[in-house]
Amino acid sequence: MILADMHTHTRYSHGASTPEDMYAAAVARGLTCLAFTEHSPRPVGFDYTHEYREHLTRHLPDYVREVRALRDGGGACEALLGMEMDWLDGQEDFTRAACAACDYDVLLGSVHFIGRWGFDDGDTPWKSFSQEECDRQYQAYFEAWERMIRSGLFHVASHPDLVKIFSVEQFHVWLSRPESMDLVRRGLTALRDAGMCMEISSAGLRKPCGEIYPAAPIMSMAAQLALPITFASDAHCVNDVAHGFDRLASYARSFGFREYTVVRRGHKIAMPF
Ligand SMILES: [Zn+2]
Ligand SMILES: [Zn+2]
């Protein structure tokens, strides 16, 4: 059984629930560990349609204070203070400073932007893309993903193939090519060498792609490389805490994984499941 959800959000970004309510949901589901990994404010110019930068920036001290109170509260479920950081090409100094701003237990590295385009913001542009245009975006995404890993700033690579969110069929066409898997392998090998974990996320099950992140070919390669893995719901409300964890467990087991990881104060702790 998976007992740790290593990626969740609160109402302080675009989530719906307070840290306290997310924690209560984790306790109710029998988790022994819940990582709060709120988004970190992005620099101006990296914008979503419904941008929450101001709200998030204003409430970051509340987030840290409330999660610390849960962490120090000694409850049956351990609360971890984390952040989900964006990898934004050309913004490494900004990101490095944000990572160092607090005594975080765990830092997630995520690519949500290709250049200045938040590619997971909506399906509209994707709908008009040819296979060739999709291929260019997948290529650019995994190149950025490798740079994110090589930065050495993060403990976990989140939702490894998020880029499939609105074009899963085209993504599998791309992924079936040997040169695509070569690019993925470069990222995964860098991840292993950096001592990072790869996240397995149920969020994709709730998105148009309808698939766990990452897809099976990436899971196989991760298993060959014996990468440490974390499990995550990427919950943005109480109902999604530990969402799909039975499916995540059988999915990971089918590739030979028998342990997952909790990251606390940057240290990895292996757990059976
Ligand atoms: Zn994310
Ligand atoms: Zn997230």
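Use the structure listed above.
Below is a summary of the structure that appears in this document.

About the cut-offs
- Residues numbered from 1 in each chain as written.
- Chains lettered and ligands numbered in written order.
- Predicted model: local features only at pLDDT ≥ 70, side-chain atom pairs only at ≥ 80, totals over all residues.
- Helix = DSSP H or I, 4+ residues; strand = E, 2+ residues; numbered from the N terminus.
- Buried ≥ 20, exposed ≤ 12 C-beta atoms within 10 Å, placed from the backbone.
- Contact = placed C-beta atoms within 7 Å.
- Expected span 1.5 Å × (residues − 1).
- Bend = angle between axes of the 7 residues up to and from the residue.
- Pairing = 2+ DSSP bridges.
- Right-handed = clockwise from strand over helix to strand, strands pointing away.
- Core = buried A, V, L, I, M, F, W, Y, C linked by C-beta atoms within 7 Å.

### Comments concerning the overall build of the protein chain
Broken down by element type, the protein chain carries 9 helices and 11 strands. Dimensions of the protein chain, computed from the C-alpha atoms along their principal axes, are close to 50 × 45 × 30 Å. In the protein chain, buried positions account for 47% of the 273 residues. Counting only contacts in the protein chain whose residues sit at least 6 apart along the sequence, the fraction spanning at least 24 positions is 80%.

### Description of helix α5 (residues 131–150)
With 20 residues, α5 ought to run about 28 Å at 1.5 Å a step, and its terminal C-alpha atoms sit 29 Å apart, in line with that. Turning to α5, its buried residues are Cys-134, Gln-137, Tyr-138, Tyr-141, Phe-142, Ala-144, Trp-145, Glu-146, Met-148 and Ile-149. Packed against the buried residues of α5 are β4 (106–110), β5 (113–114), β7 (156–157), α6 (168–175) and α7 (178–193).

### A look at unusual backbone geometry
Note that the residue after Tyr-213, namely Pro-214, is joined by a cis bond; omega there is -5°. Phi is positive for Asp-234, close to 55°, though the residue is something other than glycine. As for its placement among the helices and strands, Asp-234 is situated in the loop between β9 (229–232) and α9 (245–254). The backbone of Ala-242 sits at a positive phi, close to 60°, despite the residue not being glycine. Topologically, Ala-242 is positioned in the loop between β9 and α9.

### Here's the deal with helix α2 (residues 53–71)
For α2, spanning 19 residues, the distance from its first C-alpha to its last is 25 Å, which sits close to the expected 27 Å at 1.5 Å a residue. Approximately 50° is the largest bend angle found in α2, and it occurs at His-59, with the proline Pro-61 only one to four residues beyond.

### Describing the sheet that holds β4
Strand pairs in the sheet, formed through backbone hydrogen bonds, run parallel or antiparallel to each other. Taking strand neighbours across the sheet as the criterion, the 7 strands line up as β1-β2-β3-β4-β7-β8-β9 in an open arrangement whose pairing is parallel. Sheet topology places β1 (4–5) and β9 at the edges, where each strand pairs with a single neighbour. Two strands pair when backbone bridges link them, and β7 and strand β8 (residues 197–201) are joined in this way by 2 bridges, in the parallel orientation. Directly across from Ala-157, in β8, lies its bridge partner Met-198.

### As for the pairing of β4
A regular strand places its side chains on the two faces of the sheet in alternate fashion. The buried count for β4 comes to 5 of 5 residues, which makes it a mostly enclosed element. The two faces of β4 match: Val-106, Leu-108 and Ser-110 on one face and Leu-107 and Gly-109 on the other face are all buried. Here 5 bridges tie strand β3 (residues 78–86) to β4, and the two strands are oriented parallel to one another. Looking across to β4, one finds that Met-83 is bridged to Leu-107. Relative to β7, β4 is paired through 2 bridges, and the arrangement is parallel. From the neighbouring strand, Leu-108 faces β7, where its bridge partner is Val-156.

### Examining the pairing of strand β2 (residues 33–39)
Counted residue by residue, β2 has 7 buried out of 7 residues, so it is predominantly covered. Where β1 lies against β2, 2 bridges are found, and the strand directions are parallel. Within the sheet, the bridge partner assigned to Asp-5 lies in β2 and is Leu-34. Regarding topology, helix α1 (residues 19–28) serves as the crossover connection from β1 to the parallel β2, and that connection is right-handed. Two strands pair when backbone bridges link them, and β2 and β3 are joined in this way by 7 bridges, in the parallel orientation. Note that in β3 the partner of His-39 across the bridge is Glu-84. As a crossover connection, the stretch from β2 through α2 into β3 is right-handed.

### A look at the nonpolar core
By size, the foremost hydrophobic cluster in this structure holds 80 residues, and its most contacted members are Cys-33, Leu-34, Val-106, Val-156 and Phe-231. The dominant element in this core, judged by the number of residues it contributes, is α5, at 8 residues. With near-sequence residues (within four places) excluded, Leu-34 lies in contact with Asp-5, Thr-8, Met-22, Tyr-23, Ala-26, Cys-77 and Ala-79.

Note that all results are geometric; they support no functional claim without further evidence.
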